[in-house]
Every structure is written in C-alpha cells, then in structure tokens.
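# Inside the fold
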Amino acid sequence: MNKLDLLYDVLIDKMWSQTFYNEQMLLMVNPVARELFMRLRDEETQHVLVLRTEITAMEANPFAPAKMLPGLETRPRFRL
C-alpha cells in the first residue's frame, strides 16, 4: 500500500466521522452537547480539506524525477 492509498483510507475515515458527528448533532437537544458535536464536525471538515489538497497535489505530480531517473540521487551533477 502506497502513501496515496493510505491518504484515501484516512479521507474515507474522516468523512465517516464527519457524517457521524453531524448526525449526532442533529439528534442533540442539549445546546452544549450540540455545540460540541458541531465543533467536532467542523474539525473533521478541515481535516478532509487538508487531505483532499494533499491527494490532489500527489495526483497532479505522480512521479518524482528521482524515481524516473534513479541516477539523480547517486550523481550530484544531475541534482535538480
């Protein structure tokens, strides 16, 4: 499993958590508990945005030059 697959797994987990907190928030009658679940949901939303940004960046640049040209790491004159 590579880093991109792991990020997708974490993204799915965060989205499930976000849904759970939202459902619990809607069920709460106590305003303090409702506010707590709302904050937790919003925090998960921020995590989802960060993960999506990271995934998009990785998919836009799928190969590092060192992976395509392994000699870049061993021969300093070809460093980028």
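What counts and what doesn't
- Residues numbered from 1 in each chain as written.
- Predicted model: local features only at pLDDT ≥ 70, side-chain atom pairs only at ≥ 80, totals over all residues.
- Heavy atoms only, no water.
- Helix = DSSP H or I, 4+ residues; strand = E, 2+ residues; numbered from the N terminus.
- Expected span 1.5 Å × (residues − 1).
- Buried < 20%, exposed > 50% of the residue type's maximum accessible area, 1.4 Å probe, protein only.
- Contact = heavy atoms within 4.5 Å.
- Polar contact = N/O pair within 3.5 Å; in protein donor to acceptor, adjacent residues only side chain to side chain.
- Salt bridge = Lys/Arg side-chain N within 4 Å of Asp/Glu carboxyl O.
- Axes fitted to C-alpha atoms, helices over the stretch in contact; angles between N-to-C directions.
- Parallel < 35°, antiparallel > 145°, perpendicular 65-115°, else oblique.
- Left-handed = near helix turned anticlockwise from the far one by under 90°.

In the nomenclature of an unreviewed UniProt entry, the protein is known as Rubrerythrin of Desulfofundulus luciae.

## Some words on helix α2 (residues 31-60)
For α2, built from 30 residues, the straight-helix expectation of 44 Å at 1.5 Å per residue is met to within 8% by its first-to-last C-alpha distance of 43 Å. When we look at burial in α2, the residues that qualify are A33, F37, R41, E44, V48, L51 and I55. The inward-facing, buried residues of α2 abut α1 (3-27). If you check the start of α2, you find a side-chain oxygen 2.9 Å away from the backbone N of V32, and it comes from N30.

## Some details on the pattern of salt bridges
Applying the stated criterion to the full structure yields 2 salt bridges. One salt bridge connects K14 with E44, and the closest N-O pair in it is separated by 3.5 Å. Placement of K14 in helix α1 and of E44 in helix α2 is noted, with a sequence separation of 30 residues between them. Put simply, R41 and D42 hold a salt bridge, and the shortest N to O gap is 3.0 Å.

## A look at the packing of α1 against α2
Direction vectors running N to C along α1 and α2 enclose 160 degrees, while the axes themselves pass 8 Å from each other. Classed by the angle they form, the pair α1 and α2 counts as roughly antiparallel. Where α1 crosses over α2, the two elements pack in a sense that is left-handed.

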